[in-house]
Structures are given as structure tokens and as C-alpha cells.
Amino acid sequence: MSISADLRQQVRKRANCACEFCGVREDDAGAALTIDHFQPRSKGGSDSFDNLVYACPSCNQYKQDYWPMDGQSVPLWNPRNDDLAEHFTEAENGQLIALTIVGAFTIGHLRLNRSQLIAYRQNRCRQSEAQQLLVRYQDVIASLDYLNDQLAGVVDEQKRLLLQQQRLIRVLLQQQRRS
């Protein structure tokens, strides 16, 4: 059975246009990604929405038709059902570190620490830091604009008070000359 265009679009949308295994986005890959059967059809998997995963060509190629059939083999991390943070953490250098046996097997089988993915994660981290700095700068600029408006208000009030003071001094000087 072939997967309909509508079902492909649903899987793509659910994945937010990114590989559900490694996180590479379509924009970065320069093309739409592939639809993978988490449980391969050759191993009894279906074309159901819950069994379909949006995957980059590399993750799809490395996964191939892996499916633990004997009950002894380690399963792959399932991005549809398993919590990412339970199985992996990302080191500062961009490498994924396994927290579980499933995480370690998945990193090895899908080669999730291949040099291109490490560079991708490092770049994503730098972009995130730059975005955070931009937000901070925007907050600082907004604060400075607010303070500038407040200062302008104080200056206007000082000018008003100086004019009042000048008028008062003139009145006092006129009264003094008359007396």
C-alpha cells in the first residue's frame, strides 16, 4: 500500500518539518525528508499514522529495516512514544550522550554522533545563543527607550519649573523696586 499525500503531509506537520531521529530540519537539508516505517513493513509494520516517522535520508538509510524480533535485541528509541530526555542528553561539544541502553543503541545504529550532526548541533546552539542575546539587546533597548522617555519628562518638568522660578524672581524684583 502506498502512503497518500495527505498522510505524508500529516506526518511532516507532526514532525514540524524535522527529522524525528536527529532533528535536522528540511530547511537545513535543502529538501523534504522521507517517510519511514518505525516498524518496517517487512517486519509486520503498517502504514498507520502512528507507525510513520519523518526522517532525513541518512537516518532512514542507517535504520534500514531494523526491528527487534527476538525479544532479546535492543529496540530503537521511538521518537513518537519515548521521551528524548530520558534516553539522551547533549554535551556542550554537540555530541549526544546516551542515558539508557536504548539511547546508546540508537546513537550507534543511527550514527547520531556523525560529524555533520555534531556540527549541526553546535551551529544550532550558537544560533540559539545569538537569538537569546538579540532578545536581551531588544529588552535593553526597550528599557533605554523607557528611561529616555522618563528623562525627557523630567527635563520638561525642570524647564517648566525654571520658567516659573524666573517669573517668580521677576515679580519679586518688581516688588522690591516698588518698595
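Residues numbered from 1 in each chain as written. Predicted model: local features only at pLDDT ≥ 70, side-chain atom pairs only at ≥ 80, totals over all residues. Heavy atoms only, no water.

Q: I'm lost on the packing of aromatic side chains in this one. Help?
A: Aromatic ring pairs are defined here through the distance separating the ring centres and the angle between the ring planes. Per the stated rule, a full pass over the model turns up three aromatic pairs. For the pair Tyr66 and Phe105, a centre-to-centre distance of 5.0 Å together with 45° between the ring planes defines the contact as tilted. With Tyr66 in the loop between α3 (57-63) and α4 (84-87) and Phe105 in helix α5 (residues 101-110), this pair connects stretches of sequence that are 39 residues apart. With 5.3 Å between their ring centres and 90° between their planes, Trp77 and Phe88 make a pair best called edge-to-face. In this pair, Trp77 is assigned in the loop between α3 and α4 and Phe88 in strand β3 (residues 88-90), connecting sequence segments 11 residues apart. (Phe/Tyr/Trp six-rings, centres within 6.5 Å; stacked < 30°, edge-to-face > 60°. Helix = DSSP H or I, 4+ residues; strand = E, 2+ residues; numbered from the N terminus.)

Q: Explanation requested: the pattern of salt bridges in the structure shown.
A: Between side chains of opposite charge, a pair can form as their charged atoms come close. On inspection of all chains with the given rule, the structure shows six salt bridges. Between Arg80 and Glu20 there is a salt bridge, with its nearest N and O atoms 1.5 Å apart. Note that Arg80 is positioned in the loop between α3 and α4 and Glu20 in the loop between α1 (5-14) and α2 (26-29), a separation of 60 residues in sequence. Assessed through its relative accessible area of 26%, Arg80 is described here as partly exposed. Taking relative accessible area as the criterion, Glu20 reaches 10% and is therefore assigned buried. Ionic pairing is found between Asp36 and Lys63, a salt bridge with its closest N-O pair at 3.4 Å. Highlighted residues: Asp36 in strand β1 (residues 34-37) and Lys63 in helix α3, separated in sequence by 27 residues. There is no split in this pair, since Asp36 and Lys63 are both buried. (Salt bridge = Lys/Arg side-chain N within 4 Å of Asp/Glu carboxyl O. Buried < 20%, exposed > 50% of the residue type's maximum accessible area, 1.4 Å probe, protein only.)

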